[in-house]
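Reading the structure
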Amino acid sequence: MDFDNQRQKELMQIIDNLILQRTLPAKERIKTLGLLEVTAAANIGFILQELLKTECDHDVLINIANSLVKYGNEECVMQLVDIVLGNREIDGEDDPIKEEPEKFLKVRCALIKVLGWLKDEKAVIPLMYMLYEFGEHYKIRLNAAEALGRIGDTYAVNPLINLVVDEKESSVYVKESAAKALGMLGDVRAVKPLVEMLGS
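Computed from a predicted structure; not experimentally measured.

**Looking at the pattern of salt bridges**
By the definition in use, this model includes 11 salt bridges. Across the pair Glu169 and Arg141 runs a salt bridge, and its minimum N-O distance is 2.6 Å. Here Glu169 is found in the loop between helix H10 (157-165) and helix H11 (172-185), whereas its partner Arg141 is found in helix H9 (residues 138-151), with 28 residues between them in sequence. Arg141 gets classed as buried once you look at its relative accessible area, which sits at 3%. Several salt bridges share partner residues, and in doing so they unite Arg22, Arg29 and Glu55 into one network.

Written out as structure tokens, the structure is:
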């Protein structure tokens, strides 16, 4: 067996062991992940991405996502989007996040923030979808707005402006976050609507 196959086998064994540890308290599992960041530093991104496929514990999910930011792992962007939207299939069942999105609100907001910190443009369209999902919790929507500002893609400017000036938008918090995102983007197209918003 060549080194690559052997290393792959070892990594999958580590991942299987971590999955078996899901009966342990989150603190212990997070501690184990912290040790792996030292002992398996070269492969930690791969390990964390594999765990994201099925992980449902709030604290562990947030810890994994924050570690991926630390390592600048942009390969996980669409995985994080799928978790926020509840699009995973776990052991042939729908994602618990899809079944109970309110229960996972804190996790979903944290993962949206991670998408902003990763600054990957692949997240722009999904974040705009979250922003304009009017039936969604306002905290999801305002975090999506701010993540768009952090990413810095000017493609988001017009949708954010439209939200700021939309009189039908009922959440002042979402409007404020959209305005904040426009400030982060620093695009001149936002100056007039922001001035008008402040004047009203």
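Right, picking up where we left off after that structure.
**Re the nonpolar core**
Core analysis: the largest hydrophobic core is formed by 61 residues, its most contacted members being Leu80, Leu127 and Leu160. In terms of residues, this core owes the most to one element, helix H7 (residues 105-118), which gives nine residues. Once you skip the residues sitting within four places of it in the chain, Leu127 turns out to touch Ile112, Leu115, Ala144, Ala147, Leu148 and Ile151.

**Quick notes on the packing of helix H2 (residues 26-39) against helix H4 (residues 58-70)**
Look at H2 against H4: their axes get within 9 Å of each other, and the N-to-C directions meet at 20°. Relative to H4, the element H2 lies roughly parallel. For the crossing formed where H2 meets H4, the hand is right-handed. Residue-level contacts link Ala26, Arg29, Ile30, Leu33 and Glu37 of H2 to Asp59, Val60, Asn63, Ile64, Ser67 and Lys70 of H4. Partitioning the contact of H2 with H4 into residue classes produces five nonpolar, two polar and four charged.

**A look at the environment of Glu99**
By secondary structure assignment, the location of Glu99 is in helix H6 (residues 96-99). For the pair Glu99 and Tyr173, spaced 74 residues apart in sequence, the C-alpha to C-alpha distance is 26 Å.

**Some words on H7**
The end-to-end C-alpha separation of H7 is 20 Å, in line with the 20 Å expected for 14 residues at 1.5 Å each. Among the 14 residues that make up H7, 11 are buried, leaving the element largely enclosed by the rest of the structure. Listed as buried for H7 are Leu105, Val107, Arg108, Cys109, Ala110, Leu111, Ile112, Val114, Leu115, Gly116 and Leu118. The inward-facing, buried residues of H7 contact H4, helix H5 (77-85), H6, helix H8 (124-131) and H9.

Parameters at a glance
- Within every chain, residues take consecutive numbers counted from 1 along the sequence as written.
- Local features in this predicted model are restricted to residues whose pLDDT is 70 or higher, and side-chain atom pairs enter the listing and the counts only when it is 80 or higher, whereas totals over whole chains, interfaces and linings include all residues.
- Think of the side-chain values as coming from all heavy atoms in the structure, minus any hydrogens and water.
- For this document, the term salt bridge refers to a Lys or Arg side-chain nitrogen within 4 Å of an Asp or Glu carboxyl oxygen.
- Each helix is a run of H or I in the DSSP string that is no shorter than four residues. Each strand is a run of E no shorter than two, and both are numbered from the N terminus.
- Burial status follows relative accessibility: with a 1.4 Å probe on protein chains alone, a residue under 20% of its type maximum counts as buried, one over 50% as exposed, and anything between as partly exposed.
- Residue types Ala, Val, Leu, Ile, Met, Phe, Trp, Tyr and Cys, when buried and joined through side-chain atoms within 4.5 Å, form a set referred to as a nonpolar core.
- For this analysis, residues touch if any pair of their heavy atoms sits within 4.5 Å.
- Here an axis means a line fitted to C-alpha atoms, over the contact stretch when the element is a helix, while the angle between two N-to-C directions is reported on a 0 to 180 degree scale.
- Should an angle lie under 35 degrees it is considered roughly parallel, over 145 roughly antiparallel, and from 65 to 115 roughly perpendicular; all remaining angles are considered oblique.
- By convention the crossing between two helices is left-handed if the near helix lies anticlockwise of the far one by an angle smaller than a right angle, and right-handed if it lies clockwise.
- Basically, the charged four are Asp, Glu, Lys and Arg, the nonpolar ten are Ala, Val, Leu, Ile, Met, Phe, Trp, Tyr, Cys and Pro, and anything else, Gly included, counts as polar.
- Under the convention used throughout, the expected extent of a helix is 1.5 Å for every residue step, that is, one less than its residue count.

Read these as layout, nothing more, since geometry by itself doesn't imply function.
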